[in-house]
Amino acid sequence: CRALAIGLQAQWNEEVRARGLTDPDVLDLHWLAPELDVSDEPDAPPGRSDAVVGAFERQINRRMVFLGEAGTGKTTVALLLTCGLLDRYDGGMVPVLLPLSTWNPAAEDVRTWLTRRLYEDHPALRNTELYGSYAGDLLVEQHKVLPVLDGLDDIPTHQRADALSRVIVEEQGKTL
């Protein structure tokens with residue numbers, strides 16, 4: 001878990017820098033959360049990963065959904081959430097940003113897709129000398145991965161309801 005978190009932190013922090021998101025004035029995101037007030041996040045300007053992570057951590061079920069039209073910053077918020085959670089990583093679940101466009105819910109269950117993506121995106125997990133034979137499988141099975149799912153709108157319209165239903169069922173069954 002720690003090696004995966006360190007690798008992801010380096011990868012996503014570089015992406016944040018490459019996108020020019022380190023300037024505090026670049027992003028001024030605003031959101032509404034029916035159950036809580038996220039406007040008073042102490043010491044965290046809107047749009048910063050601290051504010052997004054703070055809002056996430058205050059959620060009882062640790063679940064958030066970002067809605068908006070194309071180009072409104074949903075992927076950026078998911079990236080900032082992932083980076084912020086990685087910056088605070090303490091040995092628990094490792095946040096992994098995953099594009100839903102790589103999943104066909106009609107052909108693959110959530111757990112299989114998540115495990116496949118771990119191996120594809122992080123081939124070091126296949127190093128049996130370091131991590132054993134089934135590192136990715138165990139990370140998913142033992143609930144060591146916190147999926148940050150991005151791009152529901154990239155799944156074909158006729159599959160979205162099924163995809164969302166499968167994610168919810170998996171999460172409720174604690175596979176995710």
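Residues numbered from 1 in each chain as written. Predicted model: local features only at pLDDT ≥ 70, side-chain atom pairs only at ≥ 80, totals over all residues. Heavy atoms only, no water.

1. Let's talk about the overall build of the protein chain
Tallying secondary structure elements over the protein chain gives 7 helices and 2 strands in all. In sequence order, the secondary structure elements of the protein chain are arranged as α-α-α-β-α-α-α-β-α. Put simply, of all contacts in the protein chain between residues at least 6 apart along the chain, 60% involve residues at least 24 apart. Accessible area of the protein chain: about 10,200 Å², with a carbon and sulfur share of 51%. (Helix = DSSP H or I, 4+ residues; strand = E, 2+ residues; numbered from the N terminus. Contact = heavy atoms within 4.5 Å. Areas by Shrake-Rupley, 256 points an atom, 1.4 Å probe, with all protein chains shown as cover.)

2. Digging into the pairing of strand E2 (residues 145-150)
E2 sits mainly inside the fold: 5 of its 6 residues count as buried. Two strands pair when backbone bridges link them, and strand E1 (residues 94-99) and E2 are joined in this way by 6 bridges, in the parallel orientation. Its bridge partner being in E2, Val96 is matched across the sheet by Pro147. (Buried < 20%, exposed > 50% of the residue type's maximum accessible area, 1.4 Å probe, protein only. Pairing = 2+ DSSP bridges.)

3. Some words on the pattern of salt bridges
Within the structure shown, the criterion is met by 9 salt bridges. The salt bridge involving Arg117 is made with Asp121; its shortest N-O contact spans 2.8 Å. Placement of the pair is Arg117 and Asp121 together in helix H4 (residues 110-121), with a separation of 4 residues, close to one helical turn. By relative accessible area, Asp121 is classed as partly exposed at 33%. Each member of the salt-bridge network shares a partner with another, and the members are Glu108, Arg116, Arg117, Glu120 and Asp121. (Salt bridge = Lys/Arg side-chain N within 4 Å of Asp/Glu carboxyl O.)

4. Things to note about H4
Here H4 contains 12 residues, and its C-alpha end-to-end distance of 16 Å stays within 8% of the 16 Å for a straight helix at 1.5 Å per residue. Within H4 the residues assigned to the buried category are Val110, Trp113, Leu114, Thr115, Arg117, Leu118 and Tyr119. In this structure, the buried side of H4 is in contact with helix H1 (2-18), E1, helix H6 (135-141), E2 and helix H7 (157-172). (Expected span 1.5 Å × (residues − 1).)

5. Considerations on H1
The terminal C-alpha atoms of H1 lie 24 Å apart, and with 17 residues this matches the ideal 24 Å at 1.5 Å per residue to within 8%. Within H1, the full set of buried residues consists of Leu4, Ala5, Leu8, Trp12 and Val16. Buried residues of H1, viewed axially, fall in a sector of 90 degrees; they line one side. Opposite the buried face of H1, by more than 90 degrees, sit the exposed residues Ile6 and Ala18. Buried residues along H1 sit in contact with helix H3 (74-87), E1, H4 and H6. Immediately beyond the C-terminal end of H1, within one or two residues, lies Gly20, with a positive phi of roughly 70 degrees. (Arc of directions from axis to C-beta.)

6. Quick word on unusual backbone geometry
Its identity is not glycine, yet Arg62 carries a phi of approximately 50 degrees, on the positive side. Position of Arg62 among the secondary structure elements: in the loop between helix H2 (49-57) and H3. Phi angles above zero are rare outside glycine, and His143 is one such case at about 60 degrees. With respect to the element layout, His143 can be found in the loop between H6 and E2. Under the relative-accessibility criterion, His143 is labelled partly exposed at 33%.

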